[in-house]
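# Structural characterization, general
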Amino acid sequence: MGELRPLIAERLPAERARIERAYEFARDAHEGVKRRSGEPYITHPVAVATILAGLGMDTDSIMAGLLHDTVEDVDGVTFEVIEEHFGPDVRRIVEGETKVSKLSKQGSQQAEVGDTGRDMQAENLRQMLIAMTGDLRIIVVKLADRLHNMRTLGSMKPEKQVRIARETMDIFAPLAHRLGIGQIKWELEDLSFQYLQPDAYQYLQTRLRTRQEERDALIQGAVVQLREALEDDLELPEWVSDIDIAGRSKHLWSIHNKMQKEGKALEQIFDLLAIRVILTPRELTVPPGTDEKRRERAEETREKRICYHTVSIVHSMWTPLPGRFKDYIAVPKPNGYQSLHTTVISQSGQPIEVQIRSRRMHEVAEYGVAAHWMYKQGGALAQKDRENWISQLRELQNEINDASDYLDAVKTDILSQRVRVFTPKGLAISLPAGSTPIDFAYHIHTRIGETTVGARVNGSIVPLSHKLDNGDMVEIVTSKNSKPSQGWLNFAVTRSARSKIRHHFRQQEREEALQHGHDLLERYLRKRQLPVRQLMRTKLLEEATQKLVGTRNPDDLYLALHAGKTTPSAVGRLLSPSLAQEQSNVPARRGPAAPKAPAPGGVYVEGFTTTTKLAQCCNPIRGDQIMGYLTRGRGVSVHRIDCPNMIRLLKDEPERCVAASWDSGTPGGTIVDLDVVAPDRPGLLADVLSVLAAEKRSPMKVEAGVGADSTAHIYLRVAVTGNTDLETLRAAILRVSGITDVLRTGKNGGRGRVSA
Ligand code: MN
């Protein structure tokens, strides 16, 4: 039991007997078994339990730590036995651990086989994350297990060392960070670093070791000086019962990371040397009858005052480096971390980072979620945040089935660098760094994301592509009938927002394709004056579907029609015996040409009430994917998102580009100019015009010409009701033999391909 017994005696004296029983149970179960290193197996669960006790975890977690490998490794030990002896909570945690490690073993056995191994590993991590949303203690015990395994990784095969270290760096260290358990995070990172980049690790270790003595002397000198100054202060000792000052040198992985990220040399890193001051406030004397809330508030305020007072003493004895003071007490980090950081030039001329915090803030920083079991009331805000991301984990589980996609989503959405922003009601929302109002909106609710038209950050209107900063207050403007824009995919960063946007468009595309396929068939039958409703009866249609596409779902037939994989006439022949007898090339019945009156523009909505106009370069029409550009003084101009000008604007002035979408007003006609391209042949123009007539459209303008390379261009000006309508027309024209392209041209000569 080594260090465990004294720890328990100190922290959980009343629980000694229960923990002792769990220890004896585990010891007997693992009797005679050795670890790869040669030590008795029981040393591992004891080490895990010691880590947990050191974190201040509760008795059930410590017992689960002792028992975590028994069910898996020992015959005759079942979850039922565990529950019988140690209760349902211990069973739940042990069960969580066992499921995870069982999968993990299968995974590592298959790892050499390749993809299956990776899939298994992803599946295994997914299972773990699912288990931990049920009881956070499962992950804390898992982290302790992993930490001890990392400490003893030296006895594993090199390939295995690298694989486990990679997984630790990618998943477990960030998880520890998200849970706020700094102590475990640092150690996991440094241990992984050692195996993943042995050279860089060695380099830093030797560089730092050679100067270690010097560094130690320096920091010790500074600690003594600071202690004298603080104890000599007239006010501070009255407020605090204990001043804990410790020097530390930054851990290797974070030095390495900082050097890489900021391109700095070792000498340029200011917090290599750091002093941490932990202040324990004296019991606050309050007038009798003061209510609990008020007392808590007073305690919190005094805690802060003690920290600010201490930093003022530090700044008056050593010169602070400008721009290096960080107030994480007023603005805590997204994981709940609170502290004051400042860098000063010490007497020796070396920069030293000084961190100042209260005992409570320190516990939260070191033990994070574990501190919750020690200080039940502590860190309400941080707690909220955690509940938040746990529910996000659950949400992702429901949305993403594939294990490795799920893991990717967890990495980008949950384990990445964070920004913390606020709703107008002051609710803190934590998002991956680089998030935009769109990510925020989808995070709040899918419905809000989908109807977003604009956003305000700290009261000012911003483009939807605006990157959010820590502390921003974000307000989303929605409009009931608004729909997502494809352009959002250019800047949304959260996996969940992106997949919801894509889902929306896949859904919409499918609906449009179904409608289009349906319309093609209906129009074909109507033109031939056939009883449409009767022929499109499900039964007949199902049979035709079966013959043409091999399924019995008419939707598949519509999709095939839309994609041009089958034709209306082929379907028609199956539906109607009279059509089957006809020649396949029946001339279309010509109806009276009924030109649709073009309606004026102004049919879109925007996040702004300012004037908007359709750009002439790409002449967008209803249904096109569009974006707005905030002009200087002339309102918003609206472009198609594939317009070359828009693409350039997005690159050059993204801050002026805003989301735009079509409103739900009555669809009016829009005039478009088309350029029909084909190698010249006799009768080409007549064929195109007869298609227009068959489609019941009369062009407002027709011009034709043949270029030097004998390519014919037929310029048409026609009215269409929108993008879908245009697509139908375009598809009809494209069916004329020889036609290679139907291009949409702008009034000013800017031309773009009709989006296909
Ligand atoms: Mn274990």
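Residues numbered from 1 in each chain as written. Predicted model: local features only at pLDDT ≥ 70, side-chain atom pairs only at ≥ 80, totals over all residues. Heavy atoms only, no water.

### Brief notes about the overall build of the chain
Across its full length, the chain carries 31 helices and 21 strands. The 756 residues of the chain split such that 49% are buried. By sequence separation, contacts in the chain at least 24 residues apart represent 65% of the contacts at least 6 residues apart. Here the chain displays about 36100 Å² of accessible surface, and carbon together with sulfur accounts for 50% of that area. (Helix = DSSP H or I, 4+ residues; strand = E, 2+ residues; numbered from the N terminus. Buried < 20%, exposed > 50% of the residue type's maximum accessible area, 1.4 Å probe, protein only. Contact = heavy atoms within 4.5 Å. Areas by Shrake-Rupley, 256 points an atom, 1.4 Å probe, with all protein chains shown as cover.)

### Some details on the pattern of salt bridges
Counted under the stated rule, the structure contains 32 salt bridges. Here arginine 18 and aspartate 60 are joined by a salt bridge, their closest N and O atoms 3.2 Å apart. In this pair, arginine 18 sits in helix α2 (residues 16–29) while aspartate 60 sits in helix α4 (residues 59–67), placing the two residues 42 residues apart along the sequence. Of the charged contacts in the structure, one is a salt bridge between aspartate 687 and arginine 681, with a shortest N-O distance of 2.9 Å. Salt bridges here are not isolated pairs; linked through shared partners, they connect Glu15, Arg18, Asp58, Asp60, Asp89, Arg92 and Arg137. (Salt bridge = Lys/Arg side-chain N within 4 Å of Asp/Glu carboxyl O.)

### Notes on the coordination of the manganese ion
For the manganese ion, the full set of protein donor atoms is His44 (NE2), His68 (NE2), Asp69 (OD) and Asp145 (OD), and the range of their distances to it is 2.2 to 2.6 Å. When the donors of the manganese ion are listed by position in the chain, the intervening gaps give H-x23-H-D-x75-D. One end of the pair, histidine 44, is in helix α3 (residues 43–54); the other, aspartate 69, is in the loop between α4 and α5 (70–73), with 25 residues separating them in the sequence. Accessibility classification places histidine 44 together with aspartate 69 in one group, the buried group. (Donors = N, O, S within 2.8 Å, 3.2 Å for Na, K, Ca; no water.)

### Quick word on the packing of α2 against helix α6 (residues 79–86)
As a packed pair, α2 and α6 sit with axes 11 Å apart at the nearest point and diverge in direction by 150°. Considered as vectors, α2 and α6 are oriented roughly antiparallel to each other. For α2 against α6, the interelement crossing comes out right-handed. Of the residues in α6, those touching α2 at Arg18, Arg21, Ala22 and Phe25 are Val81, Ile82, His85 and Phe86. (Axes fitted to C-alpha atoms, helices over the stretch in contact; angles between N-to-C directions. Parallel < 35°, antiparallel > 145°, perpendicular 65-115°, else oblique. Left-handed = near helix turned anticlockwise from the far one by under 90°.)

### Concerning α3
In an α-helix, one full turn covers 3.6 residues, which means residues spaced three or four apart are oriented alike. Taking 1.5 Å of rise per residue, the 12 residues of α3 would be expected to cover 16 Å, and the 16 Å separating its terminal C-alpha atoms lies within 8% of that figure. Where burial is concerned, most of α3 is hidden: 10 out of the 12 residues are buried. Along α3, the positions that sit buried rather than exposed are His44, Pro45, Val46, Ala47, Val48, Ala49, Thr50, Ile51, Leu52 and Ala53. Buried residues along α3 sit against α1 (4–11), α2, α4, α9 (136–151) and α11 (182–196). Where α3 terminates, the next one or two residues include glycine 56, which has phi positive at roughly 80°. (Expected span 1.5 Å × (residues − 1).)

### A few points about the pairing of strand β17 (residues 670–679)
Of all 10 residues in β17, eight are buried, a share of seventy percent or more. Two strands pair when backbone bridges link them, and β17 and strand β19 (residues 711–720) are joined in this way by 10 bridges, in the antiparallel orientation. Bridging from a neighbouring strand, threonine 670 pairs with valine 720 of β19. For β17 and strand β20 (residues 741–745), the ladder comprises five bridges, and the chain directions are antiparallel. (Pairing = 2+ DSSP bridges.)

### A closer look at the packing of aromatic side chains
Within the structure shown, the criterion is met by five aromatic pairs. Here tyrosine 328 and tyrosine 337 contribute two aromatic rings whose centre-to-centre distance is 6.0 Å and whose plane-to-plane angle is 65°, an arrangement assigned as edge-to-face. For tyrosine 328, a relative accessible area of 18% translates into the label buried. Taken together, the aromatic side chains of Phe193, Tyr201 and Trp253 make up a single cluster linked through ring pairs. Between arginine 5 and the ring centre of tyrosine 23, over which it is positioned, the NZ or CZ distance is 5.8 Å. (Phe/Tyr/Trp six-rings, centres within 6.5 Å; stacked < 30°, edge-to-face > 60°. Lys NZ or Arg CZ within 6 Å of the ring centre and 35° of its normal.)

### A closer look at a nonpolar patch on the surface
On the surface, Leu548, Val549 and Leu574 cluster together to form a nonpolar patch covering roughly 200 Å² of accessible area. Mapped onto the elements, leucine 574 comes out in helix α27 (residues 568–575). (Patch = residues over 30% accessible without salt bridge, like charges linked within 9 Å, V, L, I, M, F, W, Y side chains within 5 Å.)

### What to know about the nonpolar core
Counting residues in each nonpolar core, the largest one holds 71 residues, and the members touching the most others are Leu67, Ile82, Leu129, Ile139, Leu143 and Ile184. Not counting chain neighbours up to four residues away, the residues in contact with leucine 67 comprise Ala22, Phe25, Ala26, Ile82, Phe86, Val90 and Val94. The next biggest cluster of nonpolar side chains, apart from the first, holds 32 residues, and it includes Leu431, Ala441, Val457 and Val462. (Core = buried A, V, L, I, M, F, W, Y, C linked by side-chain atoms within 4.5 Å.)

### Here we look at the pairing of strand β14 (residues 626–630)
Regular strands place side chains that alternate from one sheet face to the opposite one. The buried fraction of β14 amounts to four of the five residues, a majority that puts the element mostly inside the structure. Bridge analysis of β14 against strand β15 (residues 636–640) gives five bridges, and the strand direction is antiparallel. Across the sheet, the residue bridging to isoleucine 626 is arginine 640, located in β15.

### Some remarks on the side chain of arginine 137
Mapping arginine 137 onto the fold places it in helix α9. The exposure class of arginine 137 is buried, given its relative accessible area of 8%. A distance of 2.7 Å separates polar atoms of two side chains, one belonging to arginine 137 and the other to aspartate 58. (Polar contact = N/O pair within 3.5 Å; in protein donor to acceptor, adjacent residues only side chain to side chain.)

### Some details on a negative patch on the surface
Negative charge collects at one region of the surface, where Asp291, Glu292, Glu296 and Glu300 lie side by side. Its place among the elements puts glutamate 292 in helix α16 (residues 292–317). (Lys, Arg positive; Asp, Glu negative; His and termini not counted. Charge placed at Lys NZ, Arg CZ, Asp CG, Glu CD.)

### Some points on the packing of α3 against α4
Two numbers describe how α3 lies on α4: the axes approach to 7 Å, and their chain directions differ by 160°. It follows from the interaxial angle that α3 and α4 lie roughly antiparallel. The way α3 lies across α4 gives a crossing that is right-handed. Contacts between α3 and α4 involve Pro45, Val46, Val48, Ala49, Leu52 and Ala53 on the former and, on the latter, Ser61, Ile62, Gly65 and Leu66. Class assignment of the residues belonging to the contact of α3 with α4 gives a composition of eight nonpolar, two polar and no charged. (Nonpolar A, V, L, I, M, F, W, Y, C, P; charged D, E, K, R; others polar.)

### Brief notes about the environment of serine 346
The residue serine 346 is located in the loop between β5 (340–345) and β6 (351–358) in this model. Under the relative-accessibility criterion, serine 346 is labelled buried at 7%. The sequence separation of serine 346 and methionine 317 amounts to 29 residues, and the corresponding C-alpha distance is 8.8 Å.

### Overview of the sheet that holds strand β9 (residues 452–457)
The strand order across the open sheet built from three strands is β10-β9-β11, with neighbouring strands paired in antiparallel fashion. Lying at the two open borders of the sheet, with one neighbouring strand each, are β10 (460–462) and β11 (474–478). Averaged over all neighbouring strand pairs, the angle between strand axes comes to 35°, with direction disregarded. In this sheet, β11 lies alongside β9 in antiparallel orientation, the contact comprising five bridges. Bridged to valine 457 within β11 is valine 474. Contacting β9, β10 and β11, helix α21 (residues 437–444) runs over the sheet at an angle of about 80° to β11.

### Let's talk about the side chain of histidine 341
Here histidine 341 lies in strand β5. At a separation of 2.7 Å, a polar atom in the side chain of histidine 341 contacts the side chain of tyrosine 337. Apart from the residues within four sequence positions on either side, histidine 341 is in contact with Arg324, Phe325, Lys326, Tyr328, Glu353, Val354 and Gln355.

### Some remarks on the environment of serine 482
Tracing the backbone through its elements, the reader meets serine 482 in the loop between β11 and α23 (495–527). Look at serine 482 and you get buried, because its relative accessible area is 6%. When the C-alpha positions of serine 482 and threonine 451 are compared, they lie 4.8 Å apart, and in sequence the two are 31 residues distant. Sequence-distant contacts of serine 482, defined by excluding residues within four places in its chain, comprise Glu450, Thr451, Thr452, Val453 and Ser661.

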